[in-house]
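Residue-level listing of the chains:
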2 protein chains.
Amino acid sequence: MAKNFTKREENYSEWYNDLVVRADLAESSAVRGCMVIKPYGYAIWEKMQAALDKMFKDTGHQNAYFPLFIPKSFFSREADHVAGFAKECAVVTHYRLKADEAGGVSVDPAARLEEELIVRPTSETIIWNTYKGWIQSYRDLPILVNQWANVVRWEMRTRLFLRTAEFLWQEGHTAHATREEAEAEARRMLDVYADFAENFMAMPVIKGTKTPNERFAGALETYCIEAMMQDGKALQAGTSHFLGQNFAKAFDVTFLNKENKLEHVWATSWGVSTRLMGALIMTHSDDHGLVLPPKLAPIQVAIVPIFKNAEQLAQISEKVNAIKAALEAQGISVKYDDRDSQKPGWKFTEYEFKGVPVRIAVGPRDLEEGTAEVCRRDTLEKSVHAMDDLAKFIPALLDEIQRNLFERALKHREDNTIKVDTWEEFKEKIEQGKFILAHWDGTSETEQKIKDETKATIRALSLDLPAEEGKCIYSGQPSHRRVIFAKAY
Amino acid sequence: MAKNFTKREENYSEWYNDLVVRADLAESSAVRGCMVIKPYGYAIWEKMQAALDKMFKDTGHQNAYFPLFIPKSFFSREADHVAGFAKECAVVTHYRLKADEAGGVSVDPAARLEEELIVRPTSETIIWNTYKGWIQSYRDLPILVNQWANVVRWEMRTRLFLRTAEFLWQEGHTAHATREEAEAEARRMLDVYADFAENFMAMPVIKGTKTPNERFAGALETYCIEAMMQDGKALQAGTSHFLGQNFAKAFDVTFLNKENKLEHVWATSWGVSTRLMGALIMTHSDDHGLVLPPKLAPIQVAIVPIFKNAEQLAQISEKVNAIKAALEAQGISVKYDDRDSQKPGWKFTEYEFKGVPVRIAVGPRDLEEGTAEVCRRDTLEKSVHAMDDLAKFIPALLDEIQRNLFERALKHREDNTIKVDTWEEFKEKIEQGKFILAHWDGTSETEQKIKDETKATIRALSLDLPAEEGKCIYSGQPSHRRVIFAKAY
């Protein structure tokens, strides 16, 4: 399985591609830029979905479903929005095929749509057109709705999970009576995303706002969580937008407020996608394969018996089944791999490669001594324990691994985040894969020039960085805060 | 809420449309034939999904995800398949919009796809093209994969849930080493569907096979579950297909068997969709609104306080919160509606209309006497109970309602299923909305003539009807079994 597996040091990008395919997470499909998410990868995504869905519901949101297609004319209604998405839209123009002379099928020219349909790249327009019918009075507000769906953005350069033409995501779309309430909602969902990233994915994130250049097309403010990958590049892991009244105005969505006056509704939208799978992989995995945080691992514990004959296996199985039952009773997912067709060593490598957090091996000597060998995936450390202790030790170990992965990733980010005050140093450090805290004069022009010269972008105006007077790293103009620069996925 | 609500007797079809919209289940969207599934409707669908997903996993299946788009050329590979779906395909021809002179956007003619992409109407072709890469040896089999997804079939006449251009569904696609194993899988999933329909939806179903005319495009055998709606029409609620080696041959998917010989792989596919929502509504609901079986009701118990002032409400709430906690501890979903903005009578009507299985009312006199009034939605019967008994009574009542709904629907079907042996009686009874057990000569020709003359179709060759010699109801030719005729949705 792990033979000829590219090392991170050799080529980080190839290591990633290799890992995604060989760990059975996803593969490229016959359709340009679209991926197949394989069962093991999808099982991780399902765990992410379940955790996020619960958090959304706990904060008062409900799920719904809106059409895949958006009439082309809806797109022009919000000027920034159409400018942002028009260049990467899949367009449906016909609704029928017909048999052709060559024995194949061709598009039936008689079945041309009057108005073309866009495959949704995001759903603000179709949803706000729908909300118009749902909202008359302040009593109809707020609307707190989320949808789990597929979306399509015709990206030219695609990479599995990180950037694909079709991807899976959730998109929350909320409607509010006041600006304050909508702003609070956008912030609340940012916190939900950060909580999920840190406590489930064990991935530390920086919470911040985007510069106008990097905002969502149609938003007044875009909040984001940004994570550092192992190569020092940034990955935008989730965004939450305060949309003001832009979409309400574009789709004429008004309500009678308590004073019986007509007002436009305030909006937010927020989303995370299968891109999180890429973030998860690139935050923790190593040269031995995937490393999964216990809270998102489809298999949390793999147990491998070491045996020479059926009798030995039966003896081991009796013990293992008791351990397995004790762990499962605590909600831990355990796989007992008693296949005869593969050797223990092959299985060890396999579970290591698949990122299973804990592996337990039980052999004949363990049987005699009442012990088992436990190997933790994050450090690959092995230790021997009394079988009777495992029901207590393993849950604690899973917690410890979850915590350690977060701490390790946090330390990596902190070790690679630096303050820089000269342009020379900036150019040097950005090449080394650092997060750079530097002063910026606040203009889009300077932001663009820095990007052109170094490929670094402003990842976030961190919510946690204090105000500080200084001079722009590039223009020398006055600045009132440092912002975070990095190269990004 | 329920004012001017169409009665079933007056116009069954209008009653259904009215109910779907006014109970907040779904509505038509701005896109022809596509629906918006509203939060309350989606919550029911989520409960269906959760139950089905567990059943799939309990029978060894895993979820995965395949692309939304299918290259047009894949469609021609399996002749029956393309013939079945070509006439209702949404076709993507371009991948970019551009600003036009009128200030809107138009399709960029320069961004035409080399090969058109079909929005999946079903995924056999893209999945079997993928399986080609997954299968080399018998050791790679079986593959037991399911996907939850949206699909598009460009239907001309659409109705919310029953027939929409886009719908949500699951599609299982399995690959096997032998014919026997694939046939057994198709049968197993039929049983899973029947189990779900009867035990969760409380909807009795007939298990059977389809005639060649009604088979899935590309299948050797289509198994189905058929249910009777309240108007006597049939609704196909789920299908499971034995596909033979058709798709393996079309996509050249072979494997080395244990004797080291190359063989084509055997296949099944099976699916149920949001159409089940329509079946659920039309099986149980009445002139007072929705009736939901407890196992699929998002709110199982609604509690309404009757109070004149804040002090009374506080006293009632104290009691109600204890009841609520006791029910929730048993996994029952309870809504305590203590809003001051609506009168109790309005709330009663609302929960009745939304199909909440049990409503509890607690007023000042109940407080004095330690009682509560319980109303069950299926029969609208009211009874008074000691508050202290509710934690025990309510779970039993929910079971009783679940059982009663099934029994009631079964009796309705049995009362409206008849054996018919003359063509005159056939024509008369089919108009009355009956399931007719009649002899058929086994030819597609006769089947088509009967359909042309009466709109009745053969719903199923029931697996439970015994062999019986007779004469075809239409042609008078010899027949060896009765089949089920009905008009259908």
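Criteria and thresholds
Here the residue numbers are simple positions, counted from 1 along each chain's written sequence. Chains and ligands are labelled sequentially in the order written, the chains with letters from A and the ligands with numbers from 1. Owing to the predicted nature of the model, reporting of local features is limited to residues with pLDDT of at least 70; listing and counting of side-chain atom pairs is limited to 80 or more, with chain, interface and lining totals taken over all residues. No hydrogens and no water enter the side-chain calculation; it runs on all heavy atoms of the structure. To qualify as a helix, a DSSP run of H or I must reach at least 4 residues; to qualify as a strand, a run of E must reach at least 2; elements of each kind are numbered from the N terminus. Relative accessibility under 20% of the residue-type maximum defines a buried residue, over 50% an exposed one, and the middle range a partly exposed one, all with a 1.4 Å probe and only protein chains included. By definition in these notes, contact holds between two residues if any of their heavy atoms fall within 4.5 Å. Counting rule for charge: Lys and Arg are taken as positive, Asp and Glu as negative, and neither His nor the chain ends is counted. Where a charge lies is defined by one atom per residue type, namely NZ (Lys), CZ (Arg), CG (Asp) and CD (Glu). Side-chain atoms alone can form a polar contact between residues adjacent in sequence; in general such a contact is a pair of N or O atoms within 3.5 Å, and within protein one must be able to donate a hydrogen while the other accepts it. Throughout this description, the term nonpolar core refers to a set of buried Ala, Val, Leu, Ile, Met, Phe, Trp, Tyr and Cys residues connected via side-chain atoms within 4.5 Å. Strand pairing is assigned whenever DSSP detects at least two bridges linking the two strands. Every axis corresponds to a line fitted to the C-alpha atoms, with the helix fit spanning only the stretch in contact, and the corresponding angles, defined between N-to-C directions, vary from 0 to 180 degrees. Residues below a pLDDT of 70 in either copy are left out; the C-alpha atoms of the rest, at least 70 in both, set the least-squares superposition of the copies. The rule for a salt bridge is simple: a side-chain nitrogen of Lys or Arg has to be within 4 Å of a carboxyl oxygen of Asp or Glu. Each aromatic pair joins two rings of Phe, Tyr and Trp (for Trp, the six-membered one) with centres within 6.5 Å, and gets the label stacked for planes under 30 degrees apart, edge-to-face for over 60, and tilted for any other angle. Put simply, a crossing is left-handed when the front helix is turned counterclockwise from the back one by less than a right angle, and right-handed when it is turned clockwise. Each residue is assigned to one of three groups, with Ala, Val, Leu, Ile, Met, Phe, Trp, Tyr, Cys and Pro labelled nonpolar, Asp, Glu, Lys and Arg labelled charged, and all others, Gly among them, labelled polar. Relative orientations are named as follows: roughly parallel for angles under 35 degrees, roughly antiparallel for angles over 145 degrees, roughly perpendicular for angles from 65 to 115 degrees, and oblique for any other angle. One confidence number per residue, pLDDT, is output by the predictor and ranges from 0 to 100.

Asks: Looking at this model, I keep getting lost on the overall build of chain A. Mind explaining?
Replies: Helices and strands together make up the secondary structure of chain A, namely 14 helices and 27 strands. With respect to the principal axes defined by its C-alpha atoms, chain A has extents near 80 × 65 × 55 Å. Expressed as a percentage of the 489 residues in chain A, the buried residues total 59%. When contacts within chain A are restricted to residue pairs at least 6 apart in sequence, long-range pairs at least 24 apart make up 69% of them. Where the 64 positive side-chain charges of chain A centre and where its 73 negative ones centre are 1 Å apart.

Asks: Looking at this model, I keep getting lost on the side chain of Thr 174 of chain A. Mind explaining?
Replies: All names here are of chain A. Relative to the assigned elements, Thr 174 resides in strand β10 (residues 166-176). A polar atom in the side chain of Thr 174 sits 2.7 Å from the side chain of His 176. Polar contacts involving the side chain of Thr 174 include one to the side chain of Thr 268, which spans 2.6 Å. Leave out the neighbours within four places in its chain, and Thr 174 touches His 61, Trp 128, Ile 143, Leu 144, Val 145, Glu 185, Trp 266, Ala 267, Thr 268 and Trp 270.

Asks: Would you mind going over the nonpolar core with me for this structure?
Replies: Nonpolar side chains in soluble globular proteins generally cluster together in the buried interior. Judged by nonpolar contacts, the single largest core of 104 residues is most densely connected at Phe 69 of chain A together with Phe 69 of chain B. With residues up to four places along the chain from it excluded, the contact list for Phe 69 of chain B reads Val 31, Cys 34, Ala 90, Val 119, Val 152 and Trp 154 of chain A together with Val 92, Leu 117, Ile 118, Val 119 and Ile 126 of chain B.

Asks: Please explain the sheet that holds strand β13 (residues 234-244) of chain A as it appears in this structure.
Replies: Backbone-to-backbone hydrogen bonds pair the strands of a sheet. The strands run either parallel or antiparallel. Residue and element names in this part refer to chain A. Read from one edge of the open sheet, eleven strands run β3-β9-β10-β16-β13-β12-β11-β24-β27-β23-β22, paired in mixed fashion. Only two strands of the sheet have a single neighbouring strand rather than two, namely β3 (62-63) and β22 (417-419). Relative to the sheet, helix α2 (residues 39-58) contacts β3, β9 (143-152), β10 and β16 (266-273), its axis offset from that of β9 by approximately 160 degrees. Taken strand by strand, helix α5 (residues 124-134) contacts β9, β10, β13 and β16, and its axis lies near 35 degrees from that of β10.

Asks: Any chance you could explain the relation of the copies chain B and chain A here in plain terms?
Replies: Between the two copies of the chain lies a relationship made up of a rotation around an axis and a movement along it. When chain B is fitted to chain A, the best match, at an RMSD of 0.0 Å, comes from turning it 180 degrees and sliding it 0.0 Å along the axis. The relationship between the two copies is best expressed as a two-fold rotation axis. Scanning chain B for the C-alpha nearest the rotation axis identifies Val 92 of chain B, at a separation of 2.1 Å. The residues that chain B uses at the interface reappear at the interface of chain A in 100% of cases, marking a shared surface.

Asks: What is the right way to read the interface of chain B and chain A from this model?
Replies: Accessible area lost upon the coming together of the parts serves often as the stated size of an interface. Chain B puts 62 residues into the contact, and the matching count from chain A is 62 residues. Applying the counting criterion to the chain B and chain A interface returns two salt bridges. Here Glu 46 of chain B and Lys 57 of chain A are joined by a salt bridge, their closest N and O atoms 3.2 Å apart. Scanning the region where chain B abuts chain A turns up 28 residue pairs in polar contact (both at pLDDT 80 or more).

Asks: Quick question: what am I supposed to make of the sheet that holds strand β8 (residues 112-119) of chain B here?
Replies: Read across the open sheet, the six strands follow the order β4(A)-β8(A)-β5(A)-β5(B)-β8(B)-β4(B); overall the sheet is antiparallel. The outermost strands of the open sheet, each flanked by one partner alone, are β4 (69-71) of chain A together with β4 (69-71) of chain B. With direction set aside, neighbouring strand axes in the sheet form an average angle of 45 degrees. By the bridge criterion, three bridges tie strand β5 (residues 91-94) of chain A to strand β8 (residues 112-119) of chain A in an arrangement that is antiparallel.

Asks: Can you walk me through the packing of aromatic side chains in this structure?
Replies: The description of an aromatic ring pair rests on the distance of the ring centres and on the angle between the ring planes. Residue and element names in this part refer to chain B. Tallied over the full model, the rule gives 42 aromatic pairs over all chains. Pairing Tyr 193 with Trp 270 gives two aromatic rings, centres 6.4 Å apart and planes at 65 degrees, and the pair type is edge-to-face. In this pair, Tyr 193 is assigned in helix α6 (residues 179-199) and Trp 270 in strand β16 (residues 266-273), connecting sequence segments 77 residues apart. Residue Tyr 193 is classed as buried on the basis of its relative accessible area, which comes to 1%. Overall, the relative accessible area of 2% leaves Trp 270 in the buried class. Each ring, one from Phe 426 and one from Phe 485, has its centre 5.0 Å from the other, and the planes form 85 degrees; the classification is edge-to-face. Pair noted here: Phe 426 is in helix α13 (residues 423-431) and Phe 485 is in strand β27 (residues 482-486), with a separation of 59 residues, a long-range link. Accessibility classification places Phe 426 together with Phe 485 in one group, the buried group.

Asks: I keep staring at the pairing of strand β11 (residues 206-209) of chain A and nothing clicks. Help me out?
Replies: Both faces of the sheet carry side chains from a regular strand, because those side chains alternate between them. Residue and element names in this part refer to chain A. Across four bridges, the pairing between β11 and strand β12 (residues 221-228) is antiparallel. Pairing of Gly 208 across the sheet is with Cys 224, part of β12. Two elements, β11 and strand β24 (residues 457-462), share two bridges in a ladder whose sense is antiparallel. Paired with Thr 209 across the strands is Leu 461, a residue of β24.

Asks: Which parts of the structure should I look at to understand the pattern of salt bridges?
Replies: Scanning all chains against the criterion turns up 72 salt bridges over all chains. The residue Arg 377 of chain A makes a salt bridge to Asp 286 of chain A at a minimum N-O spacing of 2.7 Å. Pair noted here: Arg 377 of chain A is in the loop between β20 (371-376) and β21 (382-386) and Asp 286 of chain A is in the loop between α8 (275-284) and β17 (301-305), with a separation of 91 residues, a long-range link. The residue Arg 163 of chain B makes a salt bridge to Glu 155 of chain B at a minimum N-O spacing of 3.7 Å. Of the residues examined, Arg 163 of chain B reaches a relative accessible area of 34% and is grouped as partly exposed. Exposure remark for Glu 155 of chain B: the relative accessible area of 18% places this residue in the buried category. Ionic contacts of the salt-bridge type, sharing partners, join the residues Asp 24, Glu 27, Lys 38, Glu 350 and Lys 354 of chain A into one network.

Asks: I keep staring at helix α1 (residues 12-22) of chain B and nothing clicks. Help me out?
Replies: Residues and elements named next belong to chain B. All buried positions along α1 are accounted for by Tyr 12, Trp 15, Tyr 16, Asp 18, Leu 19 and Val 20. Contacts from the buried residues of α1 go to β1 (26-28), α8 (275-284) and α10 (344-353). Looking one or two residues past α1, Asp 24 carries a phi angle of roughly 60 degrees, positive in sign.

Asks: Help me understand the packing of helix α1 (residues 12-22) of chain A against α8 of chain A, please; the structure alone is not making it clear to me.
Replies: Working note: a packed helix pair is described by the angle between its axes plus the distance between those axes. All names here are of chain A. Taken N-terminus to C-terminus, the directions of α1 and α8 make an angle of 115 degrees; their axes are 11 Å apart at the nearest point. Crossing of α1 against α8: the hand is right-handed. Residues Tyr 12, Trp 15, Tyr 16, Leu 19 and Val 20 of α1 form the contact with α8, whose participating residues are Gly 278, Ile 281 and Met 282. Per-class residue counts for the contact of α1 with α8 are seven nonpolar, one polar and no charged.

Asks: How should the environment of Glu 400 of chain A be read in this particular structure?
Replies: All names here are of chain A. Considering the arrangement of structural elements, one finds Glu 400 in helix α12 (residues 390-415). The exposure class of Glu 400 is partly exposed, given its relative accessible area of 26%. Within the structure, Glu 400 has its side chain in polar contact with the side chain of Arg 403 (distance 3.0 Å).

Asks: What should I look at first to understand unusual backbone geometry in this one?
Replies: For residues other than glycine, phi is negative in most cases, and the peptide bonds are mostly trans. At the junction of Leu 141 of chain A and Pro 142 of chain A, the peptide bond is cis and its omega measures out at -5 degrees in the coordinates. Topologically, Pro 142 of chain A is positioned in the loop between α5 and β9. For Ala 202 of chain B, which is not glycine, the phi torsion reads 55 degrees and is therefore positive. Position of Ala 202 of chain B relative to the elements: it lies in the loop between α6 and β11 (206-209).

Asks: I would appreciate a short explanation of the side chain of Glu 185 of chain B in the present structure.
Replies: Residue and element names in this part refer to chain B. Among the secondary structure elements, Glu 185 is positioned in helix α6. Of note is the side chain of Glu 185, whose polar atom sits 2.9 Å from the side chain of Arg 188. Within the local environment of Glu 185, its side chain forms a polar contact with the side chain of Trp 270, the two groups lying 3.4 Å apart. Not counting the four nearest positions on each side in its chain, Glu 185 is found in contact with His 61, Leu 144, Thr 174, His 176, Thr 268 and Trp 270.

Asks: Just to check I follow, could you spell out the packing of helix α2 (residues 39-58) of chain B against α8 of chain B for this structure?
Replies: All names here are of chain B. Contact pair α2 / α8: the axes reach a minimum separation of 10 Å and the direction vectors enclose 105 degrees. Judged by the angle between their axes, α2 and α8 are roughly perpendicular. Across the interface between the two elements, Gly 41, Ile 44, Trp 45 and Met 48 of α2 pack against Leu 276, Met 277 and Leu 280 of α8. In the contact of α2 with α8, the residues fall into six nonpolar, one polar and no charged.

Asks: Looking at this structure, how should I read the confidence of the model for chain A?
Replies: The predicted coordinates should not be examined in detail at positions where pLDDT is low. In the predicted model, chain A carries a mean pLDDT of 96, and 99% of its residues have values of at least 70. Interface predicted TM-score (ipTM) for the complex: 0.97; the corresponding pTM is 0.97.

Asks: Please clarify how α10 of chain B should be interpreted in this entry.
Replies: Side chains of residues three or four places apart in an α-helix project in the same direction, reflecting 3.6 residues per turn. Residue and element names in this part refer to chain B. Burial in α10 covers these residues: Lys 347, Phe 348, Glu 350, Tyr 351, Glu 352 and Phe 353. In the core, the buried residues of α10 are packed alongside α1, β17 (301-305), β18 (334-336) and β19 (358-362). Among the residues trailing α10, Gly 355 stands out with phi positive, at a value near 80 degrees.

Asks: Even after reading the chapter, I still don't get the pairing of β16 of chain B, so can you show me in this structure?
Replies: Residues and elements named next belong to chain B. Of all eight residues that make up β16, eight are buried, and the element is covered over most of its length. Burial of β16 is two-sided: the residues Trp 266, Thr 268, Trp 270 and Val 272 facing one way and the residues Ala 267, Ser 269, Gly 271 and Ser 273 facing the other way are all buried. Bridge analysis of strand β10 (residues 166-176) against β16 gives eight bridges, and the strand direction is antiparallel. Across the sheet, Gly 172 pairs through a bridge with Trp 270, a residue of β16. With five bridges connecting them, strand β13 (residues 234-244) and β16 associate as antiparallel partners. Within β16, the position partnered with Phe 242 by the bridge is Thr 268.

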